[in-house]
Amino acid sequence: MSLVQLLKGHFLIHLIICYVFLVSGLIVNLLQLCTLPLWLVSRQLARKVNCRLAYCISSQMVAALEWWSGTECTLYTDPKSFPLYGKENAIVVLNHCFEIDFLCGWTFCERFGVLGSSKVLAKKELAYVPIIGWMWYFLEIVFCKRKWEEDRKTVAMSLQKLRDYPENYWFLLHCEGTRFTPKKHQISMQVAERKGLPKLKYHILPRTKGFWMTVQNLRGAVAAVYDSTLNFRNNETPTLLGILHGKKYHADLYVRRIPLDLIPEDESECADWLHKLYQEKDSFQEGYMQTGRYPGPTLSPPRRPWSLINWMFWSCLLLYPLGLFLLQLVSSGSVTTILVSVALCTAASVGVRWMIGQTEINRSSKYGESKVTRQNNN
């Protein structure tokens, strides 16, 4: 093992990375709070400012993936569609099988310059989570309670507000509603059998109502759907903890651009269209398992330096006062103070490890395992 790899796996290095992320995130949240008066003066300017502030947080996680772990990403796509990426608003449909698939989605956004303005459909509870959740609140992320009767109006209102957004954005959507697990897949295929739908091998049945609502409310503001299917070489199952330890992975992402005009407006027809899309996604995954590649030519959009520059900026800004504090702490000679500081650092590390642990597949949401799921929200 090289010295660099040894350092990447060291507890103190992880603690420093977590310290920079947490403190910088809280500072950015505070700055976002300070933009509240700006919303009253110029809504569009406030949106642009918050896009840049949000980038300060989300790009640190992308930098960890791209620059710290050195994870590679190969893009399979139509060369004719490639020039449009990042230059138009789009709904990005992602499969939900891996612990870091959301991070790969962010990396896809970063490569084409729309990371700061990217949107997601997220659980309402996340709006109250410091750093990421608060960042999303100021980005006008669409939050839902996963209760159709309640979400029907609130989600539609949130989507309508995005129609005049001043920045190009991608709306990242996991239509399956929850991460793939064998148990959830089994229940989902029971639903498919009962409803006479073709069974899927690598996906859970998509939840059609949320997709239809998103498409209908963003028609005219969004140009296309980017159907995206993700996998990792050598049957690897990457984790956030692996990224933190500097482990390198290689992601393959297959993206198809589908003009929004080709998607039916009728809810029932749109549902049928989405089910057919997931059958095709399943066949792409089957082909990948057999051949190790997706169809079509490959492209490798270069890493942009901005995520690394942002990460280095916050590291330099926050590590200097931390170094002074530690120097004064050691020079004080107070054993009690040192022990308390070590205890606080350990508690912070455990807290961060706990947060990372929540992304693990065995800790994923139970949404999709209950009997209610058998109705498939259709």
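Anything mentioned here points back to the structure above.
Read on for an overview of the structure. (Residues numbered from 1 in each chain as written. Predicted model: local features only at pLDDT ≥ 70, side-chain atom pairs only at ≥ 80, totals over all residues. Heavy atoms only, no water.)

A closer look at the environment of V120
And then number 1: Position of V120 relative to the elements: it lies in strand 3 (residues 119-123).
And then number 2: Measuring from C-alpha to C-alpha, the distance between V120 and W136 comes to 8.7 Å, with 16 residues separating the pair along the chain.
And then number 3: Among all residues touching V120, those that are not within four sequence positions of it are W136, I141, V142, F171 and L172. (Helix = DSSP H or I, 4+ residues; strand = E, 2+ residues; numbered from the N terminus. Contact = heavy atoms within 4.5 Å.)

Brief notes about unusual backbone geometry
A negative phi angle characterises most non-glycine residues, just as the trans form characterises most peptide bonds.
And then number 1: Phi at I131 is positive, roughly 70 degrees, even though this residue is not glycine.
And then number 2: Structurally, the position occupied by I131 is in the loop between strand 3 and helix 6 (132-138).
And then number 3: Even without being glycine, N235 reaches a positive phi, approximately 55 degrees.
And then number 4: Here N235 shows up in the loop between strand 6 (224-232) and helix 10 (240-244).

Here's the deal with the sheet that holds strand 1 (residues 72-77)
And then number 1: Read across the open sheet, the eight strands follow the order 4-3-5-2-6-7-1-8; overall the sheet is mixed. Either end of the sheet is taken by a strand with one partner, and the two such strands are strand 4 (142-144) and strand 8 (298-299).
And then number 2: Against the sheet, helix 5 (residues 101-111) touches strand 1, strand 2 (90-94), strand 5 (170-173), strand 6 and strand 7 (250-259), its axis set at about 165 degrees to strand 5. (Pairing = 2+ DSSP bridges. Axes fitted to C-alpha atoms, helices over the stretch in contact; angles between N-to-C directions.)

Section: helix 8 (residues 182-195)
A turn of α-helix holds 3.6 residues, and therefore any two residues three or four places apart point the same way.
And then number 1: Here helix 8 spans 20 Å end to end across 14 residues, near enough to the 20 Å set by a 1.5 Å rise per residue.
And then number 2: Taken together, the buried positions of helix 8 are occupied by K184, H185, I187, S188, M189, V191 and A192.
And then number 3: Once helix 8 ends, the next one or two residues include G196, with phi positive near 75 degrees. (Expected span 1.5 Å × (residues − 1). Buried < 20%, exposed > 50% of the residue type's maximum accessible area, 1.4 Å probe, protein only.)

Describing the pattern of salt bridges
And then number 1: Applying the stated criterion across every chain yields a total of 17 salt bridges.
And then number 2: Between E140 and R47 there is a salt bridge, and its shortest N-O distance comes to 2.7 Å. Of this pair, E140 sits in the loop between helix 6 and strand 4 while R47 is found in helix 4 (residues 43-68), placing the two residues 93 residues apart along the sequence.
And then number 3: Relative accessible area serves as the criterion here: at 16%, E140 is assigned to the buried category.
And then number 4: Of the charged contacts in the structure, one is a salt bridge between R111 and E66, with a shortest N-O distance of 2.5 Å. In this pair, R111 sits in helix 5 while E66 sits in helix 4, placing the two residues 45 residues apart along the sequence.
And then number 5: The exposure class of E66 is buried, given its relative accessible area of 1%. (Salt bridge = Lys/Arg side-chain N within 4 Å of Asp/Glu carboxyl O.)

A short note on the side chain of Q32
And then number 1: Its place among the elements puts Q32 in helix 2 (residues 11-34).
And then number 2: Setting aside chain neighbours within four positions, we find Q32 in contact with N50, L53, A54, W134, M135 and F138.

Some words on the pairing of strand 1
Both faces of the sheet carry side chains from a regular strand, because those side chains alternate between them.
And then number 1: Both strand 1 and strand 7 contribute to a ladder of six bridges, which runs parallel. Residue pairing in the sheet places T77 in a bridge with V255 of strand 7.

A look at the packing of aromatic side chains
And then number 1: Inspection of every chain in the model, using the stated rule, returns 21 aromatic pairs.
And then number 2: Pairing W68 with W311 gives two aromatic rings, centres 6.2 Å apart and planes at 75 degrees, and the pair type is edge-to-face. Of the two residues, W68 sits in helix 4 while W311 sits in helix 12 (residues 306-332), which places them 243 residues apart along the sequence. The exposure classification of W68 matches that of W311, with both residues buried.
And then number 3: Aromatic pair F82 and F112: ring centres 5.4 Å apart, planes at 70 degrees, arrangement edge-to-face. Highlighted residues: F82 in the loop between strand 1 and strand 2 and F112 in the loop between helix 5 and strand 3, separated in sequence by 30 residues.
And then number 4: The exposure class assigned to F82 is partly exposed, which follows from its relative accessible area of 25%.
And then number 5: On the basis of relative accessibility, which here comes to 13%, the residue F112 falls in the buried class. (Phe/Tyr/Trp six-rings, centres within 6.5 Å; stacked < 30°, edge-to-face > 60°.)

Considering the pairing of strand 7
And then number 1: Buried residues dominate strand 7, accounting for seven of its 10 residues.
And then number 2: Relative to strand 7, strand 6 runs antiparallel, the two being bridged by nine bridges. From the neighbouring strand, N231 faces strand 7, where its bridge partner is D252.

Considerations on the environment of Q160
And then number 1: Summarising the element assignment, Q160 is placed in helix 7 (residues 148-161).
And then number 2: By relative accessible area, which is 39% here, Q160 ends up partly exposed.
And then number 3: Counting along the chain gives 57 residues from Q160 to N217, while the straight-line C-alpha distance between them is 5.9 Å.

Here's the deal with a nonpolar patch on the surface
And then number 1: Together, L3, L6 and L7 line one region of the surface with nonpolar side chains, adding up to about 310 Å² of accessible area.
And then number 2: Following the sequence through the fold, L7 ends up in helix 1 (residues 3-8).
And then number 3: The class for L7 is partly exposed, based on a relative accessible area of 43%. (Patch = residues over 30% accessible without salt bridge, like charges linked within 9 Å, V, L, I, M, F, W, Y side chains within 5 Å. Areas by Shrake-Rupley, 256 points an atom, 1.4 Å probe, with all protein chains shown as cover.)

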